[in-house]
Amino acid sequence: MIEITSFGSSSAGNAYRITDGHTPLLLEAGLKYKELQRALSFRVSELAGCLISHEHGDHSMAAKDLVRAGVDIYTSQGTADALKLTGHHIRPVSALQQFTVGTWTILPFDVQHDAAEPLGFLLANTAGDKLLFATDTYYIKHRFVGLTHIMIECNYSIKTLNQNIAAGHVPEVLKSRLLRSHFSLENVKDFLRANDMRRVQEIHLLHLSDNNSDEALFKREIMALTGKQVFVAGR
């Protein structure tokens, strides 16, 4: 049974704790270290590792503090270089080359974002669960079979974004960056349609925009599309 806890899921900071009851992991480190300590009930040392998708601060802020605390960081070499992370607790990983941490077998995969070497992660445990984690990407070319849990960015809606631009609430220049860096509701729907959803138990929507999203609408539409239990990650 996979347990997912969101400590932050927005442009202000992203961090999630997952566990299969045996091996707890931190996904992203985009909060201040003291916030992470409190969120983890000051049990940082119990983490088996931290996966970081890319170097932007809202995903990596506490990376160096975690290293100093003795937590192994699993991230791409490009991300490690961009963050100037060094030492034996830095474990560079590469797209499509799997590795293990405790009871998890983890397959990184390439995603599309304006960062050095961004990754998503497919995590499988010994009980047969499969969790997909993908954030800060506008497209995922890979297809996945047998997923049981999905954690996926759903940053904005094209319709809401266009309405905000027309009303002058959002500058036009922001649209081009969003289209080439973040997953929209429409892209999430396309991704879910293209993948094997038969075993999926939960879908967690991540990193919703403060201005260009509608939490209730996003949850309702993904539930209607998939018939699955949908959660919006706490911010």
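See the structure above.
Residues numbered from 1 in each chain as written. Predicted model: local features only at pLDDT ≥ 70, side-chain atom pairs only at ≥ 80, totals over all residues. Heavy atoms only, no water.

1. A few points about the sheet that holds strand 11 (residues 149–153)
The strand order 7-8-9-10-11-12-13 describes an open sheet built from 7 strands, whose pairing is mixed. One side of each edge strand has no neighbouring strand; the edge strands of this open sheet are strand 7 (99–101) and strand 13 (229–232). For this sheet, the mean angle separating the axes of adjacent strands, direction not counted, is 20°. (Pairing = 2+ DSSP bridges. Helix = DSSP H or I, 4+ residues; strand = E, 2+ residues; numbered from the N terminus. Axes fitted to C-alpha atoms, helices over the stretch in contact; angles between N-to-C directions.)

2. Concerning the packing of helix 7 (residues 185–194) against helix 8 (residues 215–226)
Running from amino to carboxyl end, helix 7 crosses helix 8 at an angle of 20°, the nearest separation of the two axes being 11 Å. Put simply, helix 7 runs roughly parallel to helix 8. With respect to the hand of their crossing, helix 7 and helix 8 are arranged in right-handed fashion. Across the interface between the two elements, Leu185, Val188, Lys189, Leu192 and Arg193 from helix 7 touch Phe218, Glu221, Ile222, Leu225 and Thr226 from helix 8. Taken together, the residues of the contact of helix 7 with helix 8 sort by class into 6 nonpolar, 1 polar and 3 charged. (Parallel < 35°, antiparallel > 145°, perpendicular 65-115°, else oblique. Left-handed = near helix turned anticlockwise from the far one by under 90°. Contact = heavy atoms within 4.5 Å. Nonpolar A, V, L, I, M, F, W, Y, C, P; charged D, E, K, R; others polar.)

3. With respect to helix 7
One turn of the α-helix equals 3.6 residues, which is why residues spaced by three or four share an orientation. Within helix 7, the full set of buried residues consists of Leu185, Val188, Lys189, Phe191 and Leu192. The arc that holds the buried residues of helix 7, viewed along the axis, is 165°, so those residues lie on one side. Where helix 7 is buried, its residues contact strand 10 (130–134), strand 11, strand 12 (202–206) and helix 8. (Buried < 20%, exposed > 50% of the residue type's maximum accessible area, 1.4 Å probe, protein only. Arc of directions from axis to C-beta.)

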